[in-house]
There are 2 protein chains.
Amino acid sequence: MAEELALPTVVARMWGREPVTRRGPRPRLDLARIVAAAIEIADVEGLAGLSMGSVAAQVGVATMALYRYVGSKDELLVMMADGAVPPPPERGDLAWRDYLAVWTRANRDFLLGRPWMLSVDRLTPPMGPRRMLWLDRVLAALADTALDEGEKIRAATALTGYALADASLVLGMRPADAEDGVGGAAGYGRVLAELLEPEAYPALSGAVRSGVFEGVEGWTEDSDFVFGLDLLLDGIEALNARRS
Amino acid sequence: MAEELALPTVVARMWGREPVTRRGPRPRLDLARIVAAAIEIADVEGLAGLSMGSVAAQVGVATMALYRYVGSKDELLVMMADGAVPPPPERGDLAWRDYLAVWTRANRDFLLGRPWMLSVDRLTPPMGPRRMLWLDRVLAALADTALDEGEKIRAATALTGYALADASLVLGMRPADAEDGVGGAAGYGRVLAELLEPEAYPALSGAVRSGVFEGVEGWTEDSDFVFGLDLLLDGIEALNARRS
DNA sequence: TATTACGCTATATCACGTACACAGTTATGG
DNA sequence: CCATAACTGTGTACGTGATATAGCGTAATA
């Protein structure tokens, strides 16, 4: 508290800790506007369409003007990754376990709507105010358990990781543009059937032959999500029982 | 089997399903050499140092020669992401649960050694021969359980996802170059303490104050990993019990 | 009011991915 | 045995994008 520990520039900016300067022309922009514009572009065109030029155009300034607000494109990406995070779901009167489920699903869902976040996120630990709010809210729910502080953090981490991994998976399955039936789980299964030599991949080709990847009783995005989520929640619940 | 289902080019190449042509000069390169060179560069300099030019230089040809073997840099990345995967651990006489633990840790560990994989991987479902081998091996271990085929796949997916998420987290914590004590969990805790307003983040600032992020009894990379892994394995074990 | 820090623009550079056209090479069919 | 077609590797050229630098105007401070 005393020393104003030197923060990385990005982090400082993300939390609005910029030194307040009064001199020269009044800024025509502010960080939030820039970040919002960048997010909008990424939402529409993906990260591929995101360039310093396109962002600048969107807010109506010359490209180089942005550099008065962000140190580099990478910094901008980091700020986008926090800025695009919605507020966490309300607790309401949900039991801790139910809230964890809701929370994790919401976490996954906003990633599904913003695929580009997956390509950015990985790079930094959660340091932005919005991400932190999510963390805060799970911890609050976990306060109703008997886990110790370390365990709570780790449980939260595991859930966050799961949301991330599941979103990756779902998105990875999707695209392929259905060009030739390579998209989706069924398409995936078909590709596997084509490629796998049963001698080299006995267990996997067995699974493929069993038809797991096909239609109804097999794979749906959601059943997949719930399955893993329940594994984790069951694990947490068991731990809680042990601790009580 | 009949129709030679049209595979995406990358996938075909990854599995050596290129049409065999005999005409013109004998190729001086082969895909494997190129991919290996690219991996070596990524290992040493990271993805930043990886350019078509640098890869070409490494194998001793002109840049454009590479395009006889790969359709684009992105394709190359996809092949690297499979090519860099080591063989999965041997089962030995491990019980299924123990093997799952070993497998997941090995999975995470090779990601730690190859951070660049995390920035590539996400983009595609596991379609390469090496990744498939990993999948095959967990499934084989899970054959000793009472889970049905769908559950086995999903369990494997959850474990893979966990390895991925944990590796991301660990790597995200690491760098920061210890410039000012922002690296590592302790540094992270210090940053949080600096930034969080207790009113806005009550649970989280409570955790920070409790010292979870500091030193010994708090956070170590490994305890973190084991914690989440056990959640999942416990969950799988419980499910197995229910199914038996 | 003079000064000076600062916002924004325009221009310039440099690194990369990749299209294209050419030159040398080897199997194939007459 | 030769002409040709199907290839492989090379060099050059272009477009895009990130970012350094310098200049011009503006507004707070002395």
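All values reported here derive from a predicted model rather than from experimental measurement.

Draft legend 1. Quick peek at the overall build of chain A. Across its full length, chain A holds 11 helices and 0 strands. Reading chain A from its N end, one meets helices and strands in the order α-α-α-α-α-α-α-α-α-α-α. The proportion of buried residues among the 244 residues of chain A is 41%. Summarising the internal contacts of chain A: among those between residues at least 6 apart in sequence, 64% fall at separations of at least 24.

Draft legend 2. Representation of the environment of K73(A) within the structure. Along the chain, the position of K73(A) falls in helix α4 (residues 73–83). C-alpha of K73(A) to C-alpha of F213(A): the two residues are 140 residues apart in sequence and 40 Å apart in space.

Draft legend 3. Region of the structure containing the interface of chain B and chain A. Taken together, the contact between chain B and chain A spans 63 residues of the former and 62 residues of the latter. Looking at the side of chain B that touches chain A, the elements with two or more residues in it are α6 (118–121), α7 (129–142), α8 (149–173), α9 (184–195), α10 (202–210) and α11 (221–243) of chain B. With 17 residues, the single largest contributor to the side of chain B that touches chain A is α8(B).

Draft legend 4. Region of the structure containing the protein's contact with DNA strand D. Taken together, 24 residues lie around DNA strand D, and S51(A), G24(B), R28(B), A62(B) and M64(B) are the ones closest in. Within the surface near DNA strand D, the residues separate by chemical class into 10 nonpolar, 7 polar and 7 charged.

Draft legend 5. Structural view of the protein's contact with DNA strand C. The immediate surroundings of DNA strand C are formed by 24 residues, with G24(A), R28(A), A62(A), M64(A) and S51(B) found nearest. Residues that form the surface near DNA strand C fall into these classes: 10 nonpolar, 7 polar and 7 charged.

Draft legend 6. Geometry of the packing of helix α7 (residues 129–142) of chain A against helix α8 (residues 149–173) of chain A. Residue and element names in this part refer to chain A. The geometry of α7 relative to α8 is characterised by a closest axis approach of 10 Å and an angle of 125 degrees between their N-to-C directions. The angle between α7 and α8 places the two elements in the oblique class. α7 and α8 meet at a crossing whose hand is right-handed. Facing L135, V138, L139 and L142 of α7, the residues of α8 in contact are K152, A155, A156 and L159. Here the contact of α7 with α8 is built from residues that sort into 7 nonpolar, no polar and 1 charged.

Draft legend 7. How the structure looks around the relation of the copies chain B and chain A. Rotating chain B by 180 degrees and moving it 0.0 Å along the rotation axis overlays it on chain A with an RMSD of 0.1 Å. Taken together, these values place the two copies in the relation of a two-fold axis. A high fraction, 98%, of the interface residues of chain B reappear at the interface in chain A, so the copies pair face to face through one surface.

Draft legend 8. Seen up close, the domain arrangement of chain A. All names here are of chain A. Domain annotation of chain A identifies domain 1 (9–83) and domain 2 (85–173). Between domain 1 and domain 2, the C-alpha centre-to-centre distance is 26 Å. Taken together, the 12 residues of domain 1 in the interface contact 13 residues of domain 2. Of all the secondary structure elements, the ones that give two or more residues to the side of domain 1 that touches domain 2 are α1 (9–14), α2 (31–45) and α4. The greatest single-element share of the side of domain 1 that touches domain 2, amounting to 5 residues, is contributed by α4. Residue composition of the side of domain 1 that touches domain 2, by class: 9 nonpolar, 1 polar and 2 charged.

Draft legend 9. Just the confidence of the model for chain A, in detail. Per-residue pLDDT for chain A has a mean of 87; in total, 86% of the residues score no lower than 70. Overall, residues 1–5 of chain A carries pLDDT values under 50, and its contacts beyond four positions in sequence, including any with other chains, amount to 2 contacts.

Draft legend 10. Examining the environment of G92(B) more closely. Residue and element names in this part refer to chain B. Its place among the elements puts G92 in the loop between α4 (73–83) and α5 (96–113). The exposure class assigned to G92 is exposed, which follows from the 8 C-beta atoms found within 10 Å. With 27 residues separating them in the primary sequence, G92 and S119 have C-alpha atoms 32 Å apart.

Draft legend 11. Focus on the packing of α5(B) against α8(B). Residue and element names in this part refer to chain B. It is at 9 Å that the axes of α5 and α8 come closest, and there the two elements cross at 40 degrees. In this view, α5 runs oblique relative to α8, as classed from their interaxial angle. Two packed elements cross with a definite hand, and for α5 against α8 that hand is right-handed. Note on element contacts: α8 touches α5 through L159, T160, Y162, A163, L164, D166, A167, V170 and L171, opposite L100, T104, N107, R108, L111 and L112. Partitioning the contact of α5 with α8 into residue classes produces 10 nonpolar, 3 polar and 2 charged.

Draft legend 12. Representation of the nonpolar core in the model. Core analysis: the biggest nonpolar cluster contains 140 residues, and A38(A), M80(A), A38(B) and M80(B) have the highest contact counts within it. The element that contributes the greatest number of residues to this core is α8(B), accounting for 12 residues. In this structure A38(A) touches L50(A), V55(A), L76(A) and M80(A), once residues within four positions along its chain are discounted.

Draft legend 13. Fine view of the environment of P89(A). All names here are of chain A. As for its placement among the helices and strands, P89 is situated in the loop between α4 and α5 (96–113). The class for P89 is partly exposed, based on 16 C-beta atoms found within 10 Å. Linking P89 and W134, residues 45 residues apart in sequence, is a C-alpha distance of 8.5 Å. Beyond its immediate chain neighbours, meaning those up to four positions away, P89 contacts V102, W103 and A106.

About the thresholds
- Per-chain numbering applies: the sequence of each chain, read as written, is numbered from 1 onward.
- By the order in which they are written, chains take letters starting at A while ligands take numbers starting at 1.
- Selection of residues for local features in this predicted model requires a pLDDT of at least 70, selection of side-chain atom pairs for listing and counting requires 80 or more, and totals for whole chains, interfaces and linings are taken over all residues.
- Numbering of helices and strands starts at the N terminus; helices are DSSP runs of H or I of at least 4 residues and strands are runs of E of at least 2.
- To assign burial, the other C-beta atoms lying within 10 Å of each residue's own C-beta are counted, with C-beta atoms placed from the backbone; 20 or more indicates buried, 12 or fewer indicates exposed, and intermediate counts indicate partly exposed.
- Contact definition: two residues whose C-beta atoms, as placed from backbone geometry, lie within 7 Å.
- As used in this record, a residue near a molecule or strand is one whose C-beta atom, placed from the backbone, is within 6 Å of it.
- The residue classification treats Ala, Val, Leu, Ile, Met, Phe, Trp, Tyr, Cys and Pro as nonpolar and Asp, Glu, Lys and Arg as charged. All others, Gly included, are polar.
- Axis definition: a line fitted to C-alpha atoms, limited for helices to the stretch in contact. Angles are taken between N-to-C directions and run from 0 to 180 degrees.
- Reported orientations rely on four angle classes, namely roughly parallel under 35 degrees, roughly antiparallel over 145, roughly perpendicular from 65 to 115, and oblique for the rest.
- Here a crossing is called left-handed whenever its near helix is offset anticlockwise from the far helix by less than a right angle, and right-handed whenever the offset is clockwise.
- A least-squares superposition brings the copies together, and it is based on the C-alpha atoms of residues with pLDDT no lower than 70 in both.
- Throughout the structure description, domain borders are defined by an automatic or database domain assignment.
- Each residue carries a pLDDT value, the predictor's own confidence for that position, ranging from 0 to 100.
- By definition, a nonpolar core groups buried Ala, Val, Leu, Ile, Met, Phe, Trp, Tyr and Cys residues that are joined through C-beta atoms within 7 Å.

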